[in-house]
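Summary of structural features
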Amino acid sequence: MATRKVLSAMRAVRSVPVNPVQRVGQSTDVLVVGCGIAGCTVALRAARQGLNVTMLTASEDPHDCNSYWAQGGIIYRAADDTPELLASDVVAAGAGRCVENAVKMLARDGPTRVEEILIDDAQVPFDRDNDNNLALCLEASHNRARIIHFKDQTGAAITEAMLSTTTAHDNVTLVKAATAVDLLQHNGHCVGAVVMDTKTGSTVLIPSRVTVLATGGLGDLYEHTSNPETARGDGFAMASRVGAELQNMEFVQFHPTTLYIPGERRFLLTEALRGIGARLIDHNGRAFARDYHPDGELACRDIVSRMITTEMAKHGKECMYLDVSHLDGPYLHQRFPAISAHCKSKGLDIAKDPLPVVPAAHYFCGGVWTDLDGRTSVPGLYAAGEVACTGLHGANRLASTSLLEGLVWGAAIVEHLSATRRGKGMVSSDEPVMGAVAQFEKWEETRSGQGAQTVPKEETDAIHNDVRRVMWEQVGVERTPSKLKDATERLARIEREADDIFYGTPLSEHSVGLRNACKTASLVANAAQGNPSSVGTHFMKASTA
């Protein structure tokens, strides 16, 4: 695993715990659910506009977020780059399903946001060449080497720097071990959230004038994933329960290369390895990628993932291999220190040994619909980052756009809030508090019939594992109508079981997580069943008898 001490001098993160006896928490101008790059961007820029911000993280360690585990890098600009060149790559990867204005916005604003927020403000220590210029690398489906990075721990470096800069602001309060359970509405307006102390199960209401979902993705719905266990789809489920529109829910991107060690969680082997010449080989050492696509290992991720699963099925093998042994060994260890160290701990030398790989759920291209200002269909509710769907990615995501998306739309939300505030369009400070308290009382009534016996974590884990197996086997890299029909029926039954646990037993982190995971899995499976056409990450095969 990548070390948590990415920066040479890690600054302390200021935070407060949930008050276990307080029923209604301090109201806030902006409630941010999540503390990755999107959440931190919103929180920091809103705080600098004079707004009070409360930022939640379900973990004791705020670094446990999807952003932290991004290895490869973030898009910046090549010397001869243009917004049009970047946009063309995004559109090509998106398989004709991208929203044009979202693509233009990312291509136009992205490099500037990287410069002003990450390089100048947060001072992320991106790698530089011998002339002290930012070191640029090439990744799959890019027409230019435009990716900047910090070794193979880019997300970690960005998260460290952004958390430190954000929480240092007096207007930002970070609440750790605080899980948002449900969003609350009053007169159709989102007015805050019910928040649970993950250690005690006690709940508190946090009223807010504006709520921002920055909860990341849903990779942990799958048996094989590069994501942390916290990526269970919380934001999608919460948004769905308040009637927010969701789009493109069938488009789950699978990363082609995660390290396959039986019995262990998958470990990401970054796209950048293939960008410098890594080859995909079978158990006999034969390179096979160009049998499937002229771009070989640098084809789009969905294509490379299917290459690997096809070869696995053809040969009856549990994995294929990623080989970089033909490249310079000292350079590999210096450029990819976290990967080198992790593989070494498993008895593998990346400079000598072919690395066993399987595709794994990696990034979600759909999500909670937002406009270009980050507004969802529910007034007062915004979303940014992986949980949101601006239409940028279409049916498949271009490498290294994920961190950039969180940065661009995190900033866009605050620009819109600033303009709305000047125009007196935001609700008054009293209205959300009064409305939220009334709705919180109704929410508490829904739980009045709960029993005293907590469901053992082993039981909820077993149910969650059932979800993971259904999603991997039936809503995975390749799908069929019959498999999707069976998946939706099985997931509906599991979802009812999870709801019974949630409403019938005392609240716990695992009962809340299971409820959200089951809801989100059903949303993905139903969307996949409703789209009979293969496009991008959603690959349909005819059912076999």
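Note that this is a predicted model, so its numbers are computed, not measured. (Residues numbered from 1 in each chain as written. Predicted model: local features only at pLDDT ≥ 70, side-chain atom pairs only at ≥ 80, totals over all residues. Heavy atoms only, no water.)

**Notes on the packing of aromatic side chains**
Short version of the rule: Put simply, two rings from Phe, Tyr or Trp (the six-membered ring, in Trp's case) pair if the centres are within 6.5 Å, and we call them stacked under 30 degrees between planes, edge-to-face over 60, tilted for the rest. Think of it this way: any DSSP run of H or I at least four residues long counts as a helix, any run of E at least two long counts as a strand, and we number them from the N terminus. When accessible area is computed with a 1.4 Å probe and restricted to protein chains, residues below 20% of their type maximum are described as buried, those above 50% as exposed, and intermediate ones as partly exposed. For a lysine, the NZ atom is tested; for an arginine, the CZ atom; a charge sits over a ring if that atom is within 6 Å of the ring centre and within 35 degrees of the ring normal.
Counting across every chain of the model gives 7 aromatic pairs. Ring centres of Phe254 and Trp472 lie 5.9 Å apart, and the angle between their planes is 70°; on these two criteria the pair is classed as edge-to-face. With Phe254 in strand E10 (residues 252-259) and Trp472 in helix H12 (residues 457-474), this residue pair connects regions lying 218 residues apart in the sequence. For Phe254, a relative accessible area of 4% corresponds to the buried category. Chaining the aromatic ring pairs together yields one cluster made of Tyr222, Phe254 and Trp472. Across from the ring centre of Phe150, 5.9 Å away, lies the NZ or CZ of Lys151, which sits over that ring. We note Arg515 situated over the ring of Phe502; from NZ or CZ to the ring centre the distance is 3.9 Å.

**Things to note about the packing of helix H1 (residues 37-48) against helix H4 (residues 154-167)**
As a reminder, the rule being used: Here an angle of 0 to 180 degrees is reported between the N-to-C directions of two axes, which are lines fitted to C-alpha atoms, with helices fitted over the stretch in contact. Orientation is classified from the angle alone, with under 35 degrees giving roughly parallel, over 145 giving roughly antiparallel, 65 to 115 giving roughly perpendicular, and any other angle giving oblique. Each helix crossing is assigned a hand: it is left-handed if the near helix lies turned anticlockwise from the far helix by less than a right angle, otherwise right-handed if that turn is clockwise. Contacts were defined at the residue level, with two residues in contact if any of their heavy atoms lie within 4.5 Å.
Where H1 meets H4, the axes come as close as 9 Å, and the angle between the chain directions of the two elements is 25°. Relative to H4, H1 is oriented roughly parallel. Seen along the crossing, H1 lies across H4 with a hand that is left-handed. Where H1 approaches H4, its residues Ile37, Cys40, Thr41, Ala43, Leu44 and Arg48 are matched on the opposing element by Ile158, Met162, Leu163, Thr165 and Thr166.

**Section: the sheet that holds strand E12 (residues 279-281)**
What counts here: At least two bridges found by DSSP between two strands are what make those strands a pair.
Taken in spatial order, the 5 strands line up as E11-E10-E14-E13-E12 in an open sheet, and their pairing is antiparallel. The open sheet has two edge strands, strand E11 (267-268) and E12, and neither has a second partner. The pairing of E10 with E11 spans 2 bridges and is classified as antiparallel. Bridge assignment links Thr258 to a residue of E11, and that residue is Leu268.

**Thoughts on the nonpolar core**
Formally: Definition used in this section: a nonpolar core is a set of buried Ala, Val, Leu, Ile, Met, Phe, Trp, Tyr and Cys residues joined via side-chain atoms within 4.5 Å.
Val30, Ile74, Leu118, Phe126, Ile158 and Trp409 are the most contacted members of the largest nonpolar core, which totals 63 residues. A total of 10 residues in this core trace back to one element, the largest contributor, which is helix H10 (residues 402-422). If near-sequence neighbours (up to four positions away) are discounted, Val30 is found in contact with Val42, Ala46, Leu51, Asn52, Val53, Thr54, Val210, Val212 and Leu417. Leu56, Val175, Leu213 and Tyr222 belong to the second largest nonpolar core, which has 54 residues in total.

**Quick word on empty space enclosed by the protein**
The criterion, for reference: Here a cavity denotes grid points, spaced 1 Å and computed from the protein atoms alone, that fit a 1.4 Å probe unable to get out, and a pocket denotes an open set having protein on both sides within 12 Å along at least 5 of 7 lines; residues with an atom within 4 Å of a point are the lining. Grid points are joined across faces, edges and corners, and a volume is the space filled by probe spheres set on the points.
For the coordinates displayed, the defined rule picks out 2 cavities of 30 Å³ or more. As a volume, the largest cavity reaches approximately 60 Å³. In terms of lining residues, the largest cavity is bounded by Ala93, Ala140, Ser141, Glu271, Ala299, Cys300, Arg301, Asn396, Arg397, Leu398 and Ala399. Computed from the structure, the second largest cavity encloses a volume of approximately 40 Å³.

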